[in-house]
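# Working through the structure, step by step
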Amino acid sequence: MFHVSSFGYRPGRSAHDALAQCQHNCIKYSWVLDLDIKGFFDNISHEWMMKMVNHHTQEKWVLLYTERWLKAGIEQADGSIAAREKGTPQGGVISPQLANLYLHHAFDMWMDRHFVSNPFERYADDIIVHCNSKAEAEEVLQSIRERLQGFELELHPEKTKLVYCRNYLRKEEHEHNSFTFLSYSFQPRGKVNTFGRKNKFMVFSAAICSKAKAFVREKIRAVFNPRNTQVSLERTAIKLNPKIRGWLNYYCRFNSQIAGRVFLYLNELIRRWMKRKFRLKSRKAVVGQYQQYMQSNAALFVHWQKGIRN
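This report concerns the structure included in the present document. Going along each chain's sequence as written, the residues are numbered from 1 onward. Local features in this predicted model are restricted to residues of pLDDT 70 or higher, and side-chain atom pairs are both shown and tallied only at a pLDDT of 80 or more, whereas totals for entire chains, interfaces and linings draw on every residue. Calculated side-chain values reflect all of the structure's heavy atoms, with hydrogen atoms and water omitted.

Here the focus is a positive patch on the surface. Think of a patch as exposed residues, more than 30% relative accessible area, with no salt bridge, where like charges cluster within 9 Å and nonpolar side chains (Val, Leu, Ile, Met, Phe, Trp, Tyr) cluster within 5 Å. Surface accessibility in these figures is a Shrake-Rupley result with a 1.4 Å probe; residues are shielded only by whichever protein chains are displayed. We count a salt bridge whenever a side-chain nitrogen from Lys or Arg sits within 4 Å of a carboxyl oxygen from Asp or Glu. The sign given to each residue is positive for Lys and Arg and negative for Asp and Glu; His and the chain ends receive no count. In plain terms, the charge of a residue is placed at NZ if it is Lys, CZ if Arg, CG if Asp and CD if Glu. The grouping of R221, R227, K275, R276, R279 and K281 at the surface amounts to a positive patch. Strands here mean DSSP runs of E at least two residues long; helices mean DSSP runs of H or I at least four residues long; both are numbered from the N terminus. Structurally, the position occupied by K275 is in helix α10 (residues 264-277). Exposure remark for K275: the relative accessible area of 42% places this residue in the partly exposed category. Note on classification: 1.4 Å probe, protein chains only; a residue is buried when its accessible area is under 20% of the maximum for its type, exposed when over 50%, partly exposed between these limits.

Structural data, given as structure tokens:
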């Protein structure tokens, strides 16, 4: 029953589906509303939530357990239990479903009634709305702000912003020309044209965001410290490969070359490890050792299998 543009926590729908639709709409529409609901899970109104559940079922056991989940107390540091008057527990088994139900009525269906010409993507409480002009975006934003206030929700004044989707056809200057959605950064990027010329043109497209890059590097370093020469590369690969495979599968869906370059960091750590392990003095010797090992063990790391070897 949920909206076609609601992607989070739904069978047969994924973050990649939301990103693909967002990319498509950024090509068609010049402006984006990047909406951030302040403390969404902590501020869901129990009264409104139960009205919405009642709208779909009168099963007493469903209503009973939903209300119990909503009102379940919060254990404090001293062991005492604090009563919950609003919000749904993050991590609770029913919370994603309740979150979708809340915004289905508070946002999705309302947008369909009042702003049918402004498509959107919603993944839980992460929402992107597309507009044709800045004036239209400002009008839609004010209406959304008032609508959500009626359901005891507030847009974050600093994190919510209007973004201009700048490309080779849209050349105006505005305060914001990028936004992050589902760990992808949508922004202007240079792209080599397909007619063989050397010059580039500007497109507005998605790629792994800076925060995600830093996260990946941090997780790699947590597993593989190049100072620890007692740990073998084979053992390191066993630990890292499941993570690398997941990162590549998620972040290489759009602009895969940008995501792939993140793993050059791991290659550099491997070279540092080899320098210490084999007590190599020169950069040339380190590179030679790395190339020889990598060519003999090309399938050791998942990113090597994908050709990310420099």
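That covers the picture; the talk isn't over yet.
A pair of strands counts as paired when DSSP detects no fewer than two bridges linking them. For strand β7 (residues 179-181) and strand β8 (residues 184-192), the ladder comprises 3 bridges, and the chain directions are antiparallel. Pairing of F179 across the sheet is with F186, part of β8. The hairpin turn running from β7 into β8, its antiparallel successor, is 2 residues long, and L182 in that turn takes a positive phi close to 55 degrees. Where β8 lies against strand β9 (residues 200-208), 9 bridges are found, and the strand directions are antiparallel. Within the sheet, the bridge partner assigned to Q187 lies in β9 and is S205.

Considering soluble globular proteins, one finds that nonpolar side chains tend to be buried as a cluster. Remark: nonpolar core denotes a set of buried residues (Ala, Val, Leu, Ile, Met, Phe, Trp, Tyr, Cys) joined through side-chain atoms within 4.5 Å. In terms of nonpolar packing, the biggest core is built from 49 residues, with F179, F181, F186, I244, F263 and I270 touching the most fellow members. When residues in this core are grouped by element, the largest group, 7 residues, is from helix α8 (residues 233-251). Should any heavy atoms of two residues lie within 4.5 Å, those residues are counted as being in contact. Ignoring anything within four residues of it in the chain, the contact list for F179 reads C22, C26, V32, D34, I128, K161, V163, Y184, S185, F186 and F204. In terms of nonpolar packing, the next biggest core, distinct from the first, is built from 38 residues, M52, F115, I127 and F151 among them.

Moving on to the state of the cysteines. Sulfur atoms of two cysteines make up a disulfide when they are within 2.5 Å. One pass over the structure, following the stated rule, counts 0 disulfides. Its sulfur unpaired, C131 is 9.7 Å from the next cysteine sulfur, which belongs to C165. A relative accessible area of 0% means that C131 is categorised as buried. This cysteine, C209, is not joined by any disulfide, and C22 carries the nearest cysteine sulfur, 13 Å off. Look at C209 and you get buried, because its relative accessible area is 7%.

Take the packing of α10 against helix α11 (residues 283-296) next. As a packed pair, α10 and α11 sit with axes 9 Å apart at the nearest point and diverge in direction by 110 degrees. Here α11 runs roughly perpendicular to α10, going by the angle between their axes. As α10 runs across α11, the sense of the crossing is right-handed. Here N267, E268, I270, R271, M274 and K275 of α10 lie close against α11, whose contacting residues are R283, V286, Q289, Y290 and Y293. A breakdown of the residues in the contact of α10 with α11 according to their chemical character gives 5 nonpolar, 2 polar and 4 charged. Angles shown run from 0 to 180 degrees and are taken between the N-to-C directions of axes, each axis being a line fitted to C-alpha atoms and, for helices, limited to the stretch in contact. Orientation categories follow fixed angle ranges, with anything under 35 degrees roughly parallel, anything over 145 roughly antiparallel, 65 to 115 roughly perpendicular, and all other angles oblique. Here a crossing is taken to be left-handed if its near helix is turned anticlockwise relative to the far helix by less than a right angle, and right-handed if that turn runs clockwise. The classification used treats Ala, Val, Leu, Ile, Met, Phe, Trp, Tyr, Cys and Pro as nonpolar, Asp, Glu, Lys and Arg as charged, and all other residues, Gly among them, as polar.

The element strand β5 (residues 126-131) is largely enclosed, with a buried count of 5 among its 6 residues. Looking at chain direction, strand β1 (residues 31-36) and β5 are connected through 6 bridges and run antiparallel. When the bridges of β5 are listed, D34 appears paired with I128. Pairing analysis gives 4 bridges linking strand β4 (residues 120-123) to β5, with the strands arranged antiparallel. Paired with F120 across the bridge in β5 is V129. The hairpin formed by β4 and β5 contains 2 residues between the paired strands, and A124 there has a positive phi angle of roughly 60 degrees.

As a further point, take the sheet that holds strand β6 (residues 161-164). Two pairing modes exist for strands in a sheet, parallel and antiparallel, and in both the strands are linked by backbone hydrogen bonds. Taken together, the 4 strands give an open sheet; going across it, the order is β4-β5-β1-β6, and neighbouring strands pair in antiparallel fashion. At either margin of the open sheet sits one strand with a lone partner, and together these are β4 and β6. Ignoring strand direction, the axes of neighbouring strands in this sheet form an average angle of 20 degrees. Seen against the sheet, helix α5 (residues 95-114) touches β1, β4 and β5 and runs at an angle of roughly 170 degrees to β4. Contacts from helix α6 (residues 134-149) reach β1, β5 and β6 within the one sheet, and its direction differs from that of β1 by about 25 degrees.

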